[in-house]
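# A structural walkthrough
What follows is the residue order along each chain.
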Amino acid sequence: MPDTKLQDSDELLHEIQQSQAQPTCSECGTYEPWGLSSWCPRCGYYPKLGKCVGHTDVEGQPLTQPSQPQNIWELIPAWGWVLGVGTIAVIGLSVAGRFYCEDPGQLCLWTITQATVGLIMFLIGHFTAYLNAVSRSVEFSILSIIMTPFKIWRPAIHRFPKGAWKIDLAVWGLTLVVGAFAIVGGFEFDSLFKDWGVKKSANVNLLASVVDQAKSADNEGGADNLEDALNDFAGGTEEEEAKAASAKAAAAKAAASAAVVPDKEKEPKTEPEPELQTVPMKEFDCLVVGYSALPNGTIDAVLLASSYNKHLVYAGYIRGSDLPEEIRLEWQKRLPQLKQKKPFVETSQVATWIKPRITLKVSSEGWTDTTHRLIKPQFDSVLQEISLD
């Protein structure tokens, strides 16, 4: 019987020695018992959490101090560096495109290409965020991509920085689109309407005058007076030249009489000359009724007609050199196809007459008092074509 008790005590002592031979904490390897605590009293290791809740030494002082950032650059996380550097690179690309492209065509192509690439990048990131939202909740549908675009980004933001590439892609794409129009700025919105053929129509007065002229049965205009035509293109008629010559003679006579004034007489005080005031330009809708061309086919001038007192009259001409290059080249091909024998309005000009089709808007100071023509008309824009067929 005593031998049995001795044997049991030996086994108990052996178990105690074995338990003391194993560390009580797998994290720091200490043999110190935990007592009633659920974590290691030495390193603060918590087995249920799988991490340390506090590193303390035997006296309760922290063993290691958390490292503090030495400068501001260490405060920026890795995802912040990726997002920031990528955004700066996109802005730099827009600035480079602005200064690299030399002509408007290249600038417009760069703008459209950059905006398209940016839109594709944003759509990829947006659709990926939608798939992530759908996989986590049943409240989203395919319409959520358009109807609730910010709501589908909530799951991706909650998991941030995990899956940060989706946000990076969307931000870079939006920056590309905004930079294409705000920085590069080579896209002309007016060119959309020009390419689609959407043009403004001429005003009612001009259209009504054209219709009345077309209905007139005895419209017998012609180019019989070559001398008047040459005078018109040279700067006026004979009466206007005679008036100008008489005005010059009167001015010369006045200057000669002023030159023989005695020196004893006091010179009158000269008053300051009034400042020249620019006459405001007005807009007029005109009809192209003819043109003249050089031997090589280049348009030298286009002859215009406009509505004056509700009647269609010859209104003057615009030099071919004053037309935009693209308009002049287009009309060199277009106008010969509209050729007709007689002028559409009564005039004595010499030109190649065309059918009443092309209308345009011009700027001028107004009508002359004697000849009833526009004063130095300047090209503004092409209006919608008309048809009397």
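These lines cover the structure that appears in this document, whether it is placed above or below. All values reported here derive from a predicted model rather than from experimental measurement.

### What to know about the overall build of the chain
Within the chain one finds eleven helices and eight strands. When burial is assessed residue by residue, the chain has 30% of its 389 residues classed as buried. Look at the contacts in the chain between residues 6 or more apart in sequence, and 56% of them connect residues 24 or more apart. Within the structure as shown, the chain displays about 27100 Å² of accessible surface, and the carbon and sulfur contribution to it stands at 58%.

### As for helix 8 (residues 204-215)
The terminal C-alpha atoms of helix 8 lie 16 Å apart, and with twelve residues this matches the ideal 16 Å at 1.5 Å per residue to within 8%. Buried-residue contacts for helix 8 involve strand 3 (282-293), strand 4 (299-308), strand 5 (311-319) and strand 7 (359-364).

### Comments concerning unusual backbone geometry
Here the amide bond leading from F160 into P161 is cis, since omega sits at 10°, within 30 degrees of zero. Turning to its location among the elements, P161 is positioned in the loop between helix 5 (154-158) and helix 6 (164-184). With phi around 65°, K310 is a residue other than glycine that occupies positive phi space. One non-glycine residue, H372, lies in the positive phi region at around 55°. Positionally, H372 belongs in the loop between strand 7 and strand 8 (378-382).

### Thoughts on the side chain of S144
Tracing the sequence through the fold places S144 in helix 4 (residues 144-147). Beyond its immediate sequence surroundings of up to four residues, S144 is in contact with P149 and I152.

### Topic: the pairing of strand 5
Taken together, the eight bridges between strand 4 and strand 5 define a ladder with antiparallel strand orientation. In the sheet register, Y308 faces strand 5, and the bridge partner there is H311. A loop of two residues connects strand 4 with strand 5, the two strands running antiparallel in sequence, and N309 in this loop sits at a positive phi of about 55°.

### Some details on the nonpolar core
Counting 22 residues, the largest nonpolar core has V302, W331 and L360 as its most contacted members. Examining the composition of this core, we find that four residues originate from one element, strand 3, more than from any other. Residues contacting L360, with those up to four places away along its chain left out, are F284, D285, C286, V288, L304, I318, W331, F379, S381, V382 and L383.

### Quick look at the packing of aromatic side chains
Scanning the model with the defined rule gives six aromatic pairs in all. An angle of 35° between the planes, with centres 5.9 Å apart, marks the rings of F127 and Y130 as tilted. Linking F127 with Y130, this pair stays in helix 3 (residues 104-136), spanning three residues, or about one helical turn. A residue is classified by how much of its surface remains accessible, and F127, at 40% relative accessible area, is partly exposed. In this structure Y130 comes out as buried when scored by relative accessible area, which is 9%. Seen from their ring centres, F284 and W367 are 6.0 Å apart, and the 80° between their planes marks the pair as edge-to-face. Here F284 is found in strand 3, whereas its partner W367 is found in the loop between strand 7 and strand 8, with 83 residues between them in sequence. Of the two residues, F284 and W367, both sit in the buried class. One aromatic cluster is present, built from ring pairs that chain together F284, Y308 and W367.

Thresholds, definitions, all that
Residues numbered from 1 in each chain as written. Predicted model: local features only at pLDDT ≥ 70, side-chain atom pairs only at ≥ 80, totals over all residues. Heavy atoms only, no water. Helix = DSSP H or I, 4+ residues; strand = E, 2+ residues; numbered from the N terminus. Buried < 20%, exposed > 50% of the residue type's maximum accessible area, 1.4 Å probe, protein only. Contact = heavy atoms within 4.5 Å. Areas by Shrake-Rupley, 256 points an atom, 1.4 Å probe, with all protein chains shown as cover. Expected span 1.5 Å × (residues − 1). Pairing = 2+ DSSP bridges. Core = buried A, V, L, I, M, F, W, Y, C linked by side-chain atoms within 4.5 Å. Phe/Tyr/Trp six-rings, centres within 6.5 Å; stacked < 30°, edge-to-face > 60°.

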